[in-house]
Amino acid sequence: MRLKGPNARLVSLLYVAVTVSLLAQVGLGVKQEDFKTSEQVAFYRRHRAFADGVAKESRLLGKSASTQQAASPYSVLQDSVYLDGHTLVSSIQHGADKVPLKLSVSFLDKGIVRIRGQEAHPLLPRFDDTQKLVLRDGGANLKYASADSLQLTSETVNGETVHIVSFKDANHTASLRMTERPWTVEYVLNDKPSILLNSKGLFHFEHLREKPGADGEVDGADGAWEETFRSWTDTKPRGPESFGLDISFSGYEHVYGIPEHASSLSLKSTRGGGKEAYSQPYRLYNLDVFEHDLDSPMALYGSIPFMVAHNAESTVGVFWLNAAETWVDITREKSSTLGNLFRLGTSSKEPTVSTHWISESGVMDIFLLPGPSAADMYRQYADLVEQTPLPREFALGYHQCRWNYLDQEDVLTVDDKLQEHAIPYDVIWLDIEHTDGKRYFTWDSGKFPDPVAMQQKLAYNGHQLVTVVDPHIKRDTGYRIWKEANDKGYFVKNKEGNDNFQGWCWPGDSNWVDYLNPEAASWISRQFHLDKYNGSTPNLFVWNDMNEPSVFNGPEISMDKDIKHHGGWEHRDLHNIFGMLYHKATADGLRTRESPNKRPFVLSRAYFAGSQRYGAVWTGDNAANWEHLRASIPMVLSNNVAGMHFAGADVGGFFGNPTPELMTRWYQLGIWYPFFRAHAHIDTKRREPWVFGEPYLSHIRSAIRERYRLLPYWYTLFREASLTGMPLVRPVWMEFPQETSMFSEDSSFMVGSAIMVIPATDADTSMPIDVRLPTQENWYDIRSHAAYIGPLKRQFATDLATTLVFARGGSIIPTRERHRGSSELMRRDPITLYVYVSQTGTATGRLYLDDGETYNYQNGAFIERELSFENAKLTSRPSVRTASSPAQLEFLKAMSKVRVERIVIVGMRNPLTKAVVVEDGQTRTIELSYAGHKLDSECTIRDPAVLVGNDWEVTLS
């Protein structure tokens, strides 16, 4: 039964009013008044006041930074420090509060240090399930350092006790130094203090307490027990429970990560940084932000509290494991005066980036990652949160989407048009209008009378369908999904805990499933099974939108913080993992809907650390303008820096109507996003690739085809990420760590280690583009193979057909050159290998293949070849992970006809005439063609006829 009468009409009118108000923002930019600034957040104000008080007391005590340390009121309690196996245990206490805090410093494998703190005897439990939901295996199987490798000593420096835990492994000679009074921690790497905690004295922990008198004030600040934003009041029944800590990176000038923000790659200062600095801290709080601002630290759709610092000598990281609202201030000092070096009577001229992290609730849980290389650091991070798993192969292709394709006929017409214009694609998408009145898991039968037949028609040519399934559930007693969830008590509760939390979203009155409840999460997963999701087939996949969560009539267009989740926890404790929990439940459902299980594909707008395990994300509701095109580069890079690798931005911009030139340039950039999807708002003009006519159609088609040509390289990159945790797209400094001029570069980037992309992002499509090619290495235009020797800084002339993409000398890049309509149709196509010779005449690469959809690769059903070129000889050998097994032999048989059909060697200085091929003990000689001159040369071996799964070598002469 559905609502009837005047109440239903009132609800409907209110819903329409809210929706119209939201849509009216299109073209007007973000409504700043809908979202809090730091000054409107009570717990941030309290910590800011505390920090200002520390600074004031430091000035009164003296001008040196060492006296600022003395202003910190937190000290280690006497005789509380001891080493318990792999953990240094201590108690610290505020000089006035007299509430002891238990602090544990655990030493993990690979030099990782974990620091946890909360009250020794909390009045109430603090939310601590974030570690169980985010860390690998729930944190139960973290690898700890051997207790025998740790040594605890204590010494007195300038009358203060310092406890030192020393340890050593293959990559680190390290120690952790903890000073008692005031409490500070230094992580010393290779005799240099690198990561410092509380060196500025900003550590402040609001212990849980009984509610005081009516004023509810704490430390002179309001908002401790109740807080109002516009018309919403947060009742805060637990009172203040926030904590903050300064973390400084000594010897570093650049920090990266903590997405999602429409900010530069190298994070800006937020206090005292001059004209370029922000006036607000970076905020981590998942929000639905219409037409978000650019060059801003305001919160957006996802939150990953992982920060990376890099200098020419090392790369280190900090992972702040907390799912509550978090703010991060950043300051910079050209010459550091931090740390205990001052206590020893010395000074440091090291530059320093100081950060101040403040979270509203939960347990303080911090991981220090010592590197020293970027690759080392990402292995350490992957040990904590897991790597990005191998996706479905089709997900790497082109995704065609808009809000909304009108009906079944429209979908099939778009499919036909893409094939008519020879544009490859893999997925077509349906937004909310495909449903029966925004009831997810349903179809509008008038628009989509036979969704199964539609999916079968798409699947015939290797194409898939994605439907949106948002987390809000329409409140309707006649709707099976709502009724089952309501009857089972699976919805999030109101602040009193006695009824369902109710809010507005696309369907009108809605409720939200509580994914913190394991039973509820398992139930929603089952709704994606083929016998539950009517009209779905194995070729249907899912898009989770609005899962920040977005609540149209809620504070900051989200949920009230004091509503209740499973276990009685408030929403404030887990806000930033809500979207990830839904993402996980959806992925689990798709994974288990068939037997044997197959890899899922799920796109999510909201995300947290760990979301990389469940699928892809995108940067949200961008706009069709050149500024948003440029901003997409650091946004996608920042996600990759923070471990969220499978990321992209809406090609063409979601809001507004792109010009043909902008659309062309966005496709030329978008093919280098890990996740490649074109998307558009319901009020925009149609913009499928053929709409713009020539020459734009040809340019767009060429770009999309380039993506498909390089799919073997992309899939091999995902394999690398699944093993090592390394980003797919990388800041240039990550491949060239000593190139200081590239540390803040975010207009060009690397795709893996082999390809550099310098996109054209200016409205004047004839404007020359500044290019900087780093290091003493050869670089080759990836299409013309023109050679350049780095380091090089020059301008390149462009037109709309020009894209500046360079292959790095010393790389071998696998491709598939035959034009097909989808990735599935390419699966048995032959491989071409491009060998880009380094200045030393060598090159290396890798090729990885599996079935692209099952988990059989975990049983060895894959081909992984290590490719090497040296002394004019190209060899292919199995990787160390290749092992004979029934699954592997079966896969080799399935791929037995897939061969290498061409080898192109670029940059050989001397003319060559023949190639000797050795495979399976048989030798044959093949003529080859040689064109060009020295570095600009191209040597082509046509049809060497070697199989991708075999050992072979090709020697040139």
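As recorded in an unreviewed UniProt entry, the chain goes by the name Glucosidase II, listed as coming from Coemansia linderi.

Draft legend 1. Structural view of the sheet that holds strand E26 (residues 503-505). One open sheet holds the three strands; their spatial order is E25-E27-E26, and the pairing between them is antiparallel. Bordering the open sheet on either side are strand E25 (472-474) and E26, each of which pairs with just one other strand. Averaged over all pairs of adjacent strands, the angle between strand axes in this sheet comes to 60°, irrespective of strand direction. As paired elements, E25 and strand E27 (residues 508-512) share three bridges and run antiparallel to each other. Among the inter-strand pairings, Ile473 is bridged to a residue of E27, identified as Asn511.

Draft legend 2. Region of the structure containing the pairing of strand E48 (residues 922-927). Examined bridge by bridge, strand E47 (residues 914-919) and E48 share six bridges and lie antiparallel to one another. Bridge pairing in E48 places Ala915 opposite Ile926. Connecting E47 to the next strand, E48, in antiparallel fashion are two residues, including Asp920 with a positive phi near 50°.

Draft legend 3. Structural detail: the packing of helix H6 (residues 408-420) against helix H7 (residues 451-460). One can describe the packing of H6 onto H7 by two numbers: an axis separation of 11 Å at closest approach and a directional angle of 5°. By the angle between their axes, H6 is roughly parallel relative to H7. Seen from H6, the contacting residues are Gln408, Val411, Leu412, Asp415 and Asp416; seen from H7, they are Pro451, Met454, Lys457 and Leu458. Residue classes in the contact of H6 with H7 are distributed as five nonpolar, one polar and three charged.

Draft legend 4. Main features of the packing of aromatic side chains. The final tally for this structure, using the stated rule, is 51 aromatic pairs. Between the aromatic rings of Phe646 and Phe718, the centroid separation amounts to 5.0 Å while the plane-to-plane angle is 75°, which identifies the pairing as edge-to-face. Remark: Phe718 occurs in helix H14 (residues 711-724) and Phe646 occurs in the loop between helix H11 (626-641) and strand E31 (647-648); sequence separation between them is 72 residues. In this structure, Phe646 and Phe718 share a single accessibility class: buried. Ring pairing ties together the aromatic residues Phe394, Trp429, Phe541, Trp543, Phe601, Trp618, Phe646, Phe675 and Phe718, which thus form one cluster. The side chain of Arg677 reaches across the aromatic face of Trp429, ending 4.8 Å from its centre. Directly above the ring of Trp618 sits Arg677, whose terminal nitrogen or CZ lies 4.9 Å from the centroid.

Quick notes on the rules
- One numbering rule holds for all chains: residues counted from 1, following each sequence as written.
- Residue-level local features of this predicted model are given only where pLDDT is at least 70; pairs of side-chain atoms are given and counted only at 80 or more, and the full residue set underlies all totals for whole chains, interfaces and linings.
- Only hydrogens and water are set aside; all other atoms, that is, all heavy atoms of the structure, feed into the side-chain values.
- By definition, two strands form a pair when at least two bridges between them are found by DSSP.
- Helix and strand definitions here come from DSSP, where helices need a minimum of 4 consecutive H or I residues and strands a minimum of 2 consecutive E residues; each element is numbered from the N-terminal end.
- Here an axis means a line fitted to C-alpha atoms, over the contact stretch when the element is a helix, while the angle between two N-to-C directions is reported on a 0 to 180 degree scale.
- Throughout, the term roughly parallel applies to angles under 35 degrees, roughly antiparallel to angles over 145, roughly perpendicular to angles from 65 to 115, and oblique to all others.
- The criterion used for residue contact is that any of the two residues' heavy atoms lie within 4.5 Å.
- Amino acids outside the nonpolar list (Ala, Val, Leu, Ile, Met, Phe, Trp, Tyr, Cys, Pro) and the charged list (Asp, Glu, Lys, Arg) are all regarded as polar, and Gly is one of them.
- Here is the rule: rings of Phe, Tyr and Trp (six-membered ring for Trp) pair when centre to centre is within 6.5 Å. Planes less than 30 degrees apart are stacked, more than 60 are edge-to-face, and the remainder are tilted.
- Exposure is judged per residue with a 1.4 Å probe applied to protein chains only, and the accessible area is read against the type maximum: over 50% gives exposed, under 20% gives buried, and values in between give partly exposed.
- Only lysine NZ and arginine CZ atoms are considered, and such an atom sits over a ring when it is within 6 Å of the ring centre and within 35 degrees of the ring normal.

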